[in-house]
Amino acid sequence: MSYAVVKGAGYVLVHTPDMIFHNGTTQTTERYSNPESEYLKKLPEHFRSYEEVVSYPPNQTYIGTIKPEDLRKYDMPWYDKKVEGADRYGKLGEIMPQEEFLGLMKIVDVFDLVKLEKDFTKEVKTKLGNHPLMTEELVAKLKEGDEIAAIEKAIKEQHAEALYHHNKLVGCVKRAHEIDPNLNAHIIHENLIAKASGVLSFLHLIDKNKLDVKDVDYVIECSEEACGDMNQRGGGNFAKAIAEMVGAVNATGSDTRGFCAAPVHALIQASALVQSGTFENVVVVAGGAVAKLGMNGKDHVKKDMPVLEDVLGGFAVLISKNDGVSPVLRTDLVGRHKVGTGSSPQAVITALITEPLDKGGLKITDINKYSVEMQNPDVTKPAGAGDVPEANYKMIAALGVKRNELERTEVAAFAEKHGMPGWAPTQGHIPSGVPYLGHALEAFKTGEIQRAMIVGKGSLFLARMTNQFDGISIVLENNSGQGAKEASVSEEEVRTMIAEAMRNFASHLSK
Amino acid sequence: MDLENQKRVKDLTEQHGGENVVVLLGAAEAEAAGLAAETVTNGDPTFAGPLAGVQLGLRVFHAVEPDFKNEVDAGVFDDQIGMMEMVLDVDSIVEEMNSIRSQFVKY
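Residues numbered from 1 in each chain as written. Chains lettered and ligands numbered in written order. Predicted model: local features only at pLDDT ≥ 70, side-chain atom pairs only at ≥ 80, totals over all residues. Heavy atoms only, no water.

Draft legend 1. Molecular detail of the overall build of chain A. Helix and strand counts for chain A stand at 19 helices and 13 strands. Across its three principal axes, chain A shows a C-alpha extent of roughly 95 × 65 × 45 Å. Taken across its 511 residues, chain A has 57% of its residues classed as buried. At a minimum sequence separation of 6, the contacts of chain A that also span at least 24 residues come to 74%. Of the roughly 21,800 Å² of accessible surface on chain A, 52% is carried by carbon and sulfur atoms. Separation of charge centres in chain A, based on 57 positive and 69 negative side chains, amounts to 3 Å. (Helix = DSSP H or I, 4+ residues; strand = E, 2+ residues; numbered from the N terminus. Buried < 20%, exposed > 50% of the residue type's maximum accessible area, 1.4 Å probe, protein only. Contact = heavy atoms within 4.5 Å. Areas by Shrake-Rupley, 256 points an atom, 1.4 Å probe, with all protein chains shown as cover. Lys, Arg positive; Asp, Glu negative; His and termini not counted. Charge placed at Lys NZ, Arg CZ, Asp CG, Glu CD.)

Draft legend 2. Spatial organisation of the packing of aromatic side chains. All names here are of chain A. Within this structure, the stated rule accounts for 3 aromatic pairs over all chains. Stacked on the ring of Phe-21, the Lys or Arg Arg-31 has its end atom at 4.9 Å from the ring centre. Taking the ring centre of Tyr-56 as reference, the NZ or CZ of Arg-48 above it sits at 4.3 Å. (Phe/Tyr/Trp six-rings, centres within 6.5 Å; stacked < 30°, edge-to-face > 60°. Lys NZ or Arg CZ within 6 Å of the ring centre and 35° of its normal.)

Draft legend 3. Representation of the sheet that holds strand 5 (residues 168-173) of chain A within the structure. All names here are of chain A. Strand order in the open sheet made by the 3 strands is 3-5-4, with antiparallel pairing throughout. The open sheet has two edge strands, strand 3 (114-116) and strand 4 (161-165), and neither has a second partner. Ignoring strand direction, the axes of neighbouring strands in this sheet form an average angle of 30°. Across the face of the sheet, helix 6 (residues 98-108) comes into contact with strand 3, strand 4 and strand 5 while running at roughly 145° to strand 4. (Pairing = 2+ DSSP bridges. Axes fitted to C-alpha atoms, helices over the stretch in contact; angles between N-to-C directions.)

Draft legend 4. How the structure looks around the side chain of Lys457(A). One can find Lys457(A) in strand 12 (residues 451-458). Every residue in contact with Lys457(A), bar those within four places of it in the chain, is listed here: Cys260(A), Ala261(A), Val348(A), Ile349(A), Leu352(A), Glu373(A), Asn392(A), Ser432(A), Phe469(A), Asp470(A) and Gly471(A).

Draft legend 5. Structural detail: the nonpolar core. All names here are of chain A. Core analysis: the largest hydrophobic core is formed by 107 residues, its most contacted members being Phe-315 and Tyr-370. Ignoring sequence-local partners within four residues, the contact set of Phe-315 consists of Gly-10, Tyr-11, Tyr-62, Ser-201, Cys-222, Pro-263, Val-284, Val-285, Ala-286, Ile-430 and Val-434. Formed by 59 residues, the second largest nonpolar core is a distinct cluster that contains Val-108, Phe-120, Leu-205 and Val-216. (Core = buried A, V, L, I, M, F, W, Y, C linked by side-chain atoms within 4.5 Å.)

Draft legend 6. A look at unusual backbone geometry. Residue and element names in this part refer to chain A. Looking along the chain, the bond that leaves Met-76 and enters Pro-77 is cis, with omega of 0°. Relative to the elements of secondary structure, Pro-77 occurs in the loop between helix 5 (57-62) and strand 2 (93-96). Cis geometry marks the peptide bond from Gly-236 to Asn-237; its omega dihedral reads 20°. Counting through the fold element by element, Asn-237 comes out in the loop between strand 6 (218-221) and helix 11 (238-246). Of note, Lys-143 is a non-glycine position whose phi angle comes to about 55°, a positive value. By the secondary structure assignment, Lys-143 is in the loop between helix 8 (136-140) and helix 9 (148-158). The phi torsion at Phe-259 lies on the positive side, around 50°, for a residue other than glycine. Counting through the fold element by element, Phe-259 comes out in the loop between strand 7 (252-255) and helix 12 (262-275). What makes Phe-259 partly exposed here is its relative accessible area of 28%.

Draft legend 7. The arrangement of the interface of chain A and chain B in detail. Counting from both sides, the interface comprises 12 residues of chain A and, opposite them, 10 residues of chain B. Buried surface at the junction of chain A and chain B, summed over both partners, amounts to about 1,000 Å²; 62% is from carbon and sulfur atoms. Connecting chain A to chain B are 7 residue pairs in polar contact (both at pLDDT 80 or more). For the side of chain A that touches chain B, the elements supplying multiple residues, two or more each, are helix 14 (345-359) and helix 16 (388-402) of chain A. Tallying contributions element by element places helix 16 of chain A first for the side of chain A that touches chain B, with 6 residues. Among the residues forming the side of chain A that touches chain B, the class breakdown is 6 nonpolar, 3 polar and 3 charged. (Buried area = accessible area lost by both parts, 1.4 Å probe. Polar contact = N/O pair within 3.5 Å; in protein donor to acceptor, adjacent residues only side chain to side chain. Nonpolar A, V, L, I, M, F, W, Y, C, P; charged D, E, K, R; others polar.)

Draft legend 8. Structural view of the pattern of salt bridges. Residue and element names in this part refer to chain A. Under the criterion given, the structure shown has 35 salt bridges over all chains. Measuring nitrogen to oxygen at the nearest pair gives 2.8 Å for the salt bridge that ties Glu-30 to Lys-298. Note that Glu-30 is positioned in helix 2 (residues 25-33) and Lys-298 in helix 13 (residues 297-302), a separation of 268 residues in sequence. Classification of Lys-298 by relative accessible area gives partly exposed; the value is 39%. The shortest N-O distance in the salt bridge between Lys-457 and Glu-373 comes to 3.8 Å. Highlighted residues: Lys-457 in strand 12 and Glu-373 in the loop between strand 11 (369-371) and helix 15 (377-380), separated in sequence by 84 residues. Here Lys-457 falls in the buried class, since its relative accessible area comes to 10%. The network of salt bridges with shared partners includes Arg-330, Asp-332, Arg-451 and Glu-477. (Salt bridge = Lys/Arg side-chain N within 4 Å of Asp/Glu carboxyl O.)

Draft legend 9. How the structure looks around the packing of helix 2 (residues 30-39) of chain B against helix 6 (residues 90-104) of chain B. Residues and elements named next belong to chain B. Where helix 2 meets helix 6, the axes come as close as 8 Å, and the angle between the chain directions of the two elements is 20°. With respect to helix 6, the element helix 2 is oriented roughly parallel. The interaxial crossing formed by helix 2 with helix 6 has right-handed handedness. Contact residues: Ala-30, Ala-33, Gly-34, Ala-37 and Glu-38 in helix 2; Ser-92, Ile-93, Glu-96, Met-97, Ile-100 and Phe-104 in helix 6. Taken together, the residues of the contact of helix 2 with helix 6 sort by class into 7 nonpolar, 2 polar and 2 charged. (Parallel < 35°, antiparallel > 145°, perpendicular 65-115°, else oblique. Left-handed = near helix turned anticlockwise from the far one by under 90°.)

Draft legend 10. Molecular detail of the pairing of strand 8 (residues 281-286) of chain A. Residues and elements named next belong to chain A. Most of strand 8 is tucked away: 6 of the 6 residues are buried. Where burial is concerned, the two faces of strand 8 agree: the one with Asn-281, Val-283 and Val-285 and the one with Val-282, Val-284 and Ala-286 are both buried. In terms of strand pairing, strand 6 meets strand 8 through 4 bridges, oriented parallel. Residue pairing across strands places Val-219 opposite Val-283, the latter belonging to strand 8.

Remember, this is a structural readout, not a statement about activity or role.
Now the structure itself:
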């Protein structure tokens, strides 16, 4: 059986400043415990404009305009640097402004739960009408909008979640049930955001890679939300809901969860489904997490810098049967954090990095690029969480020294050669390995890299079901016909066997 | 130190007595190690958790400090912590831990 390949990728960011204030859990918790908070008063002064978000170097990296390695050309901190002439559309996706996204939430809502004010609807309709990926059919779903009085009433009397734009009430998300806590307005709002940003990512995947959406057989959704009702909190299924919106009429799908590690779990599942011949084209998709907006906002405000967690992230990747060109997913070189692995960093890195390498007889330095948790250090460093990718590269290098594959003096330079600076928003599952896939496709094409490792890690203990940590990894390799040869040899063998059997049969007849 | 861990340390100390408790830290940076050490000795400096204003004065060490390293099997230490010892800024962690211990430890 031939390995599956990574065929294409799409990435989106959505600038949602009002949602930082109203829906990010750091802020909602603060409002609950300290309503007169100085932090909440100061917060809006630290919001960035849409233009600032678009020209922010890490964001341009996320949508494919800048190579990750080229981020190093910008001195840190990055928040006061600009990519000159930055555009909202990049090679791999786009950065959508808030008003268009609120419209998209309405478009993907099939239960008439999103209400947008009339004038706002008109404005958004014009804007989305000009969006290259929004068909007339999609835009028509915005309808005419509602009176502001009806929206205010739903918020006041029926616990609807308010939608703001530039601090002005422009709509709401209604609850989907009167008493079911899993269908309340808060959860529907959160889930529609994940769905809408997943849809946008999927649309970019199709567009940027010139795919026929009807060819998609299966969709795996791997965000961090759960949709269901009071009888099944996470019944599902975001995957099929997203597939329906983008017109993937020949697809079904399912949701995979595993905190921040979920995208890499999904990637491996998709590879296995394709490699086994069950499906030819599987899309792995995830939308963003609204709760994480402004997660480190207190530290950013304290350090008098902009609140950088002001975007939702989304991505979509297509895994297809071997085309002989695109990089292959080496399902035989998979690392995983097992129940018995233990939680020391050394045990984790050994399980995720060197165990798969050992299976392939590879050294740490045989992987050109490690894509670990590619969290943007501009966000994490001021919050005291350090530079996450950098720390990972140091650990991988130190393990290399312990295995005598690297000199101690080479540890410092390892990150530069085999790593990249982080550029992904701290949206949990979004930074985890997958942001590099789009850039990797290009780097494989130009021959810049021969192998990459995609690593996902997840903090399972946050759900209070286990104290376990989690992680999973897979090697991506240049397509040189590996794996395919095995299949053709056995086919030939079958033909020889049949011919031989027929010859024997014929000789029996002639006797 | 997160609130849940503060609660655990507090409960264990009440159960076993401060003289029978040693706290072992694994923080990646000196500053973070210092804050955690301060929490279990002089009380939560952020005044947010169960140890706010509670001066337990516990003995506290970081996993890369020689005080701990010399007490455990060298092979196990190398297997579990050797790699991180190479990665972390051990000197500044030791300095920070010594500073906290000299001020606040009661045992």
